[in-house]
Structures are given as C-alpha cells and as structure tokens.
Amino acid sequence: TDLGTTFKPLPRMLVNVALWALYLESELVYVGDGGVVETSDPTRRMGIDLSVRYQLTKHLFADLDLNLVDGKVIGPPKGEDAIPLAPQFTTIGGLAYKRDRGLNASLRYRHIADRPANETNSVVAEGYFLVDATASYRLPKVEFGASVENLFDVAWNQAQFDTESRLQDEPEPVSELHFTPGTPFFLKGFVSYRF
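Since the model is a prediction, treat every value here as computed from it, not as a measurement.

The rules behind each value
- Residues numbered from 1 in each chain as written.
- Predicted model: local features only at pLDDT ≥ 70, side-chain atom pairs only at ≥ 80, totals over all residues.
- Heavy atoms only, no water.
- Helix = DSSP H or I, 4+ residues; strand = E, 2+ residues; numbered from the N terminus.
- Polar contact = N/O pair within 3.5 Å; in protein donor to acceptor, adjacent residues only side chain to side chain.
- Pairing = 2+ DSSP bridges.
- Axes fitted to C-alpha atoms, helices over the stretch in contact; angles between N-to-C directions.
- Salt bridge = Lys/Arg side-chain N within 4 Å of Asp/Glu carboxyl O.
- Buried < 20%, exposed > 50% of the residue type's maximum accessible area, 1.4 Å probe, protein only.
- Contact = heavy atoms within 4.5 Å.

Please explain the side chain of Glu143 as it appears in this structure.
One can find Glu143 in strand 12 (residues 142-149). Engagement of the side chain of Glu143 in a polar contact is seen with the side chain of Ser136, the distance being 2.6 Å.

This is how it looks when you write it as structure tokens:
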C-alpha cells in the first residue's frame, strides 16, 4: 500500500513524496555457501520516498531522490529479524547542464548506507558514496565526450555477502563479509552519430 502526492511548491520545482508499506509472504534469498536461492520467512517493510526536481536556470537542472526504509523479517525474535542486505537508506542526485547543441555535462552522486549482511546484524555490508561525471559536445549530427565513473577513486564493495568460510589453518569456520570490489576510477570517451 502507498499514499503519496506530487506538487509544485515553486514554478520550477516538482516534489513527489510517498509513504508506503510492503508485506511479502516470502522472498528469494541468495545463499552464498551453496550458490543457490531459497525462500525466506515473511517480511514487512515501511518507508518514505522523496523526489525533488528543480530547474535552476534555462539549461541547469538539479535532482534529488531519498529513500528511507524500516524492514523486518516476521517471526524471529527482535535482534534476529534484520533482512540481510536490504537497503535502509539510499539517495541519488546531481546537477545536469543540458542543451540541444554545444556543451552538455552532469555531475551525479549515489549513496547507500551500511546495512545488515545477516539477520542478527553481526556482519555489516558497507555502504558507499560515489560521484560520476560526464561531459560532451553536441553538433547537429555528431556528439563526442567523456564520462568518469567513481570520480574520486573511492574504494567500495559492490556485491557483498555474509558467507561462512574456513582456511586450512583455521580450526573453526568464520562467518564474515565476502565482497566483489567496486569499479575504481574509470574514464571512457565516446563518439555518437545521429542518422
């Protein structure tokens, strides 16, 4: 269920706010040790979403999206009811300079907060804050430019899972965060032609 509204508090600003709740009888959960997906207990999530769009000048635009969520697994006792890897706070936004011809550019960020990697929150999936940028020059038929991912070369974890593992010299298995490193600073150029 959800309840929301869209309104314009200023002539060049558009705001959308929504309160929502989601109940699932079960959901699919990845089990890293087995490399399989299985169903979970029922879950309940409640949240608020905020979206703001604002035209600063004729060609400059700003946008912001915020999402705040409280989610729990239904059934287990308190303290053992976290939904593994479920985002609790996310936000994206940025600035964009847009023209039909000439210079176009954008500077954007994306953020996800730390979140439980398991039901007891004894292992935490690390959040991140990344900034990306693009710039291009558009002619009537041709556009050329460059984009940068992870502008500030932040070390971050992309895929993260609480997985039990045991090295040869360890007497007991250890439950810890296993992850895939996120993309470091990455610059690419592009050229496009319009037919």
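Hey, could you run me through the sheet that holds strand 5 (residues 43-55) in this one?
Each strand in a sheet pairs with another by means of backbone hydrogen bonds, the pair being arranged parallel or else antiparallel. Overall, antiparallel pairing links the 9 strands, which are arranged 1-2-5-6-7-8-11-12-15 in an open sheet. This sheet does not close on itself; its edge strands, each paired only once, are strand 1 (2-10) and strand 15 (186-193). In this sheet, neighbouring strand axes are inclined to one another by 10° on average, regardless of whether the strands run parallel or antiparallel. Direction of pairing for strand 12 relative to strand 15: antiparallel, over a ladder of 8 bridges. Bridging from a neighbouring strand, Val142 pairs with Tyr193 of strand 15.

Sorry if this is basic, but what is going on with the pattern of salt bridges here?
If the charged atoms of two oppositely charged side chains come close together, the side chains can form a pair. Under the definition given, this model contains 7 salt bridges. Between Asp70 and Arg44 there is a salt bridge, with its nearest N and O atoms 3.7 Å apart. Of this pair, Asp70 sits in strand 6 (residues 60-73) while Arg44 sits in strand 5, and the two are 26 residues apart along the sequence. Classification of Asp70 by relative accessible area gives partly exposed; the value is 36%. The salt bridge involving Arg53 is made with Asp65; its shortest N-O contact spans 3.1 Å. Here Arg53 is found in strand 5, whereas its partner Asp65 is found in strand 6, with 12 residues between them in sequence. Classification of Asp65 by relative accessible area gives buried; the value is 16%. What emerges from the salt-bridge pattern is a single network uniting Arg138, Glu143 and Arg194.

I'm lost on the environment of Val131 in this one. Help?
One can find Val131 in strand 11 (residues 128-138). Judged by relative accessible area, which is 10%, Val131 ranks as buried. Placed 19 residues apart in sequence, Val131 and Asn150 show a C-alpha to C-alpha distance of 5.4 Å. The contacts of Val131, once residues within four sequence positions are left out, are Leu107, Arg108, Tyr109, Glu149, Asn150, Leu151 and Phe152.

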